[in-house]
Amino acid sequence: MWVLVGLTAIPSTFAWDRLSNRLGLIRALMLAYAVQTASFVLPLLDHGMWAGAASAVLFGLTFAGIVSLTLTVVGRHYPHNPAKAMATLTLSYGVAQIIAPAIAGTLARDSGSYQGALVLAAIMMAIGIVLLWCMPQNARSTAG
């Protein structure tokens with residue numbers, strides 16, 4: 001499954017960049033969040049190989065694209081010092097990459113499955129979609 005994630009991640013940043021040119025950055029980012037949310041929900045609905053493969057493909061198509069789109073949004077939102085904002089975002093992302101697996105592992109150990117971690121991830125992505133939707137219009141247009 002990780003091979004599928006890697007193979008689908010290869011073209012993802014280019015694809016999301018092209019899509020953001022059509023939809024706008026915020027809409028493309030919201031769509032990427034929704035697709036990634038689907039990648040977390042699929043294994044909850046079906047434990048079979050095809051659901052796992054589809055989940056891997058959807059995750060691969062989105063995770064690098066989300067990072068790329070988010071860095072672009074931040075760079076446009078802070079045009080006078082984008083490097084500082086991007087550095088802060090990158091540091092936050094790195095911390096999350098350490099903390100999230102520990103939380104997922106704890107949930108899996110305590111429950112005997114990764115379902116709780118997948119539900120939590122889907123909830124976090126849904127919150128992200130809502131926060132993007134609630135951005136003030138001037139921030140949304142600056143980012144798009």
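Quick notes on the rules
Residues numbered from 1 in each chain as written. Predicted model: local features only at pLDDT ≥ 70, side-chain atom pairs only at ≥ 80, totals over all residues. Heavy atoms only, no water. Helix = DSSP H or I, 4+ residues; strand = E, 2+ residues; numbered from the N terminus. Rg over C-alpha atoms; globule rule 2.2 N^0.38 Å. Buried < 20%, exposed > 50% of the residue type's maximum accessible area, 1.4 Å probe, protein only. Contact = heavy atoms within 4.5 Å. Core = buried A, V, L, I, M, F, W, Y, C linked by side-chain atoms within 4.5 Å. Salt bridge = Lys/Arg side-chain N within 4 Å of Asp/Glu carboxyl O. Axes fitted to C-alpha atoms, helices over the stretch in contact; angles between N-to-C directions. Parallel < 35°, antiparallel > 145°, perpendicular 65-115°, else oblique. Expected span 1.5 Å × (residues − 1). pLDDT = per-residue confidence, 0-100.

Provide a residue-level description of the overall build of the protein, including the pertinent values.
Looking only at helices and strands, the protein features 7 helices and 0 strands. Taking 144 residues into account, the globule formula puts the C-alpha radius of gyration at 15 Å, and the protein, at 16 Å, falls close to it. Dimensions of the protein along its principal axes, counting C-alpha atoms only, are 50 × 30 × 25 Å. When the 144 residues of the protein are sorted by exposure, 29% land in the buried category. In the protein, the share of contacts with a sequence separation of at least 24, taken over all contacts with a separation of at least 6, comes to 69%.

Could you give an account of the nonpolar core, with specific residues and numbers?
Counting residues in each nonpolar core, the largest one holds 15 residues, and the members touching the most others are Leu-29, Tyr-33, Ile-66, Leu-69 and Leu-132. Take this core: its biggest share by element is 8 residues, from helix 3 (residues 25-45).

Please give an account of the side chain of Ser-12 that cites residues and values.
Tracing the chain through its elements places Ser-12 in helix 2 (residues 12-23). The exposure class assigned to Ser-12 is buried, which follows from its relative accessible area of 1%. Look past the residues within four positions of Ser-12 in its chain and what remains in contact with it is Gly-60, Leu-61, Ala-64 and Gly-65.

Would you mind going over the pattern of salt bridges in detail, with residue names and values included?
Taken as a whole, this structure holds 1 salt bridge when the rule is applied. Between Asp-110 and Arg-109 there is a salt bridge, with its nearest N and O atoms 3.1 Å apart. Owing to a relative accessible area of 58%, Asp-110 belongs among the exposed residues under this scheme. Classification of Arg-109 by relative accessible area gives exposed; the value is 60%.

Which residues make up the packing of helix 5 (residues 82-111) against helix 6 (residues 115-133), and what are the values?
The geometry of helix 5 relative to helix 6 is characterised by a closest axis approach of 7 Å and an angle of 140 degrees between their N-to-C directions. Considering their axes alone, helix 5 and helix 6 lie oblique with respect to each other. Packed against helix 5, whose contacting residues are Ile-103, Ala-104 and Leu-107, the element helix 6 presents Gly-116, Ala-117 and Leu-120 at the interface.

If you had to explain helix 3 to someone new, which residues and values would you point to?
Its 21 residues give helix 3 an end-to-end C-alpha distance of 30 Å, which sits within 8% of 30 Å, the value for a rise of 1.5 Å per residue. Of all the residues in helix 3, the buried ones are Leu-25, Ile-26, Ala-28, Leu-29, Met-30, Ala-32, Tyr-33, Gln-36, Thr-37, Ser-39 and Phe-40.

Just give me the short version of the confidence of the model for the protein, but keep the residues and values in it.
When pLDDT is averaged along the protein, the result is 92; 94% of the residues meet or exceed 70. Helix 3 holds the highest mean pLDDT among the elements of the protein, 97, whereas helix 7 (residues 137-143) holds the lowest, 60.

Could you give an account of helix 5, with specific residues and numbers?
Relative to the 44 Å expected for 30 residues at 1.5 Å per residue, helix 5 spans 42 Å between its end C-alpha atoms, a close match to the ideal helical length. Of the residues making up helix 5, those classed as buried are Ala-85, Ala-104 and Ala-108. Next to the buried residues of helix 5 lie helix 4 (49-77) and helix 6. Looking one or two residues past helix 5, Gly-112 carries a phi angle of roughly 90 degrees, positive in sign.

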